[in-house]
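Descriptive analysis of the structure
Spelled out, the chains give:
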Amino acid sequence: MAELAPLDAAVLARENEELRQQLREAEELIVAVRTGAVDALAIQGADGPRIFTLEGADQSYRMLVEQMNEGALLLSPDGTVLYCNTALAELLRYPLEEVLGSTATSFIPATFQQYWAEVVAKGWAGRVRGELPLQTRDRALRPCSVSMNSLTFNGAPALAVLVTDVSAQQKITNIRAVVAKQNTLIDRKNEELVRQQVARLAVEQAAAQARRVLEGIPQIAWTATPEGKNSYLNQRWFDYVGKNEPNPETPVTSRIHPDDYENGMRHWRHSLATGLPLDIECRLCSENGTYRWMLGRGLAMRAEDGTVSQWVGTFTDIHEHRLALERIDQAQSQLRDNNEALTRVNVDLDNFIYTASHDLRSPITNIEGLLQALRGELPDPATQVEFILNLMQDSVERFKRTIDHLTDVSKLQREHGPSTEQVPLAAVVHDVLLDLEPLISSVGAQLEVEVADCPPVTFSEKNLRSVVYNLLSNAVKYRAPERPSLVRVRAHCTEHHVLLIVQDNGLGISENGQRKLFGMFQRLHDHVEGSGIGLYMVKRMVENVGGRIEVTSELGVGSTFTVYFPH
């Protein structure tokens, strides 16, 4: 490097000394302004130096501004700091002399420069407030609130700025927010405690009310904890077991009969595990040592969250009922034995009837043959002898019919589940009327038949024919001689039955006759040939398939038979 000439070194030394002198003058000026020794300062501008004075700058106002906690600034229109108090310099962590004469934007973060410019513009127009952070010497950001207002400073416009550090206020706000949150939690906790207290009081009141109710019922009443431990027993329990209960911890279980204990405890443990109702029958020991059957029932009482809060139950004395059921079981067992014996007797009776009818047919056939042989041996029997032979032949015929009827009855007794099919009722009625046509024509009977729209009947076809034949033949045979015979045959459906109705205007049946009408070998009129077995068989055939037959009749007016065939 080239060395400086002696002349150049002297110039530089002189300029350096002038700069030091200017610095000393500036520092003295700042001290003078701060201490009130001067009331004005000169700022070199483009048009030359300008003199700025503090209006009313007496010592007391200067001390007031210097001792303020808030920062104070005076800004020129170009943003130069004309004045700054100590509080603002300490907030920015700059020496006071470095703040004076600087530009205010040097303390504004880059992201808030636009906002600062807008607030300053509004400040020159009038009073304005704003909030933004100021950047300190160590690049930290301090949240501040600024208040601006334009004024005249020594005849020139200036912007007065008050700066308030709100970081402490934000901390207080945050603390208050935390405190408010904690207070909210405490309030909620207190409300929850109040609700729990109210709920506990409600439970206690409900329990007291329940105990009053349980004391008033005739059954033994009890309550238990969710774990199954007895918590209450009403007075009925102590009336039953006595005042001196030997095991107050488990008073109920200690009284269960040993033969019923395991089954009862198994049900109780199942209810405790599942929450399902308890329903058991067991024997409990009374004060005098005897056991009585009890029906024990229990229900789980649940809280709002669905958990079991307690168990409530009763014991009802069913001893007499249980003994009655045992007697009924014994009676039913005996009845089953009797039914089995009767069944065997009926089987034997059926076998006897079948054997007797079979064995009787042979001698009757022989007698009939002998009568025919006797007729052949008598070339010209006398009238009286012919009459006697005819009577004997009639007796043989009746005997043969009786044997046939006994055989039919025997078959019918065994027919508890006869094979059924869908039988058209109208076709059966038509066939029966064809068979009865000679009888109907001989007596001049008039028939009205309305069965065409009837659906098929679930019945045995041969049995249905027998039912229809018996009812229609009886209606014609037991006609009233003083008036023309009229028989109406109708059929219609109900929800569960098909009804066959046979109505006549014949002799009618008395009330006493109606009571024994369907008995075996019961005949109410002797002037008409019959065995008294037909209606008995009709009734049995209908009842064997679950149906029924009813009769309404008035003596001298007529009768109506109604048969109910099940669908």
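These notes cover the structure that comes with them.

So, on to the overall build of the protein. The number of helices and strands found in the protein is 15 helices and 19 strands. The burial tally for the protein puts 32% of its 567 residues in the buried class. Expressed as a percentage of contacts within the protein between residues at least 6 apart in sequence, the contacts between residues at least 24 apart total 53%. For the protein, the exposed surface amounts to about 34,800 Å²; the carbon and sulfur share of it is 55%.

The next thing to look at is the side chain of S76. Considering the arrangement of structural elements, one finds S76 in the loop between β3 (71–75) and β4 (81–84). Those residues within four positions of S76 in sequence are excluded, and the remaining contacts are L82 and W124.

By definition, the strands of a sheet pair up through backbone hydrogen bonds, in either a parallel or an antiparallel sense. Across the sheet, five strands lie side by side as β4-β3-β7-β6-β5; this open sheet has antiparallel pairing. Whereas interior strands pair on both sides, the edge strands pair on one side only; in this sheet they are β4 and β5 (128–135). In this sheet, neighbouring strand axes are inclined to one another by 30° on average, regardless of whether the strands run parallel or antiparallel. Relative to strand β7 (residues 156–165), strand β6 (residues 141–153) is paired through 10 bridges, and the arrangement is antiparallel. In the strand pairing of β7, F153 is matched with A156. With respect to the sheet, helix α5 (residues 113–125) is in contact with β3, β5, β6 and β7, its orientation differing from that of β6 by roughly 30°.

Under the 1.5 Å per step criterion, the end-to-end length of helix α13 (residues 461–477) is 24 Å for 17 residues, consistent within 8% with the ideal 24 Å. Those residues of α13 that fall on the buried side of the exposure criterion are N463, L464, V467, V468, N470, L471, L472, S473, N474, A475 and V476.

With that settled, consider empty space enclosed by the protein. Per the stated rule, a full pass over the model turns up one cavity of 30 Å³ or more. Lining the largest cavity we find L73, L88, L92, V99, A104, F107, I108, W116, L134, V146, V161 and V163. At the level of elements, α3 (86–92) and β7 are the ones that each hand at least two residues to the lining of the largest cavity. Residues of the lining of the largest cavity, tallied by class, amount to 12 nonpolar, no polar and no charged.

Parameters and conventions
Residues numbered from 1 in each chain as written. Predicted model: local features only at pLDDT ≥ 70, side-chain atom pairs only at ≥ 80, totals over all residues. Heavy atoms only, no water. Helix = DSSP H or I, 4+ residues; strand = E, 2+ residues; numbered from the N terminus. Buried < 20%, exposed > 50% of the residue type's maximum accessible area, 1.4 Å probe, protein only. Contact = heavy atoms within 4.5 Å. Areas by Shrake-Rupley, 256 points an atom, 1.4 Å probe, with all protein chains shown as cover. Pairing = 2+ DSSP bridges. Axes fitted to C-alpha atoms, helices over the stretch in contact; angles between N-to-C directions. Expected span 1.5 Å × (residues − 1). 1 Å grid on protein atoms, 1.4 Å probe; cavity = no way out; pocket = protein on both sides within 12 Å on 5 of 7 lines; lining within 4 Å. Points joined across faces, edges and corners; volume = space filled by probe spheres on them. Nonpolar A, V, L, I, M, F, W, Y, C, P; charged D, E, K, R; others polar.

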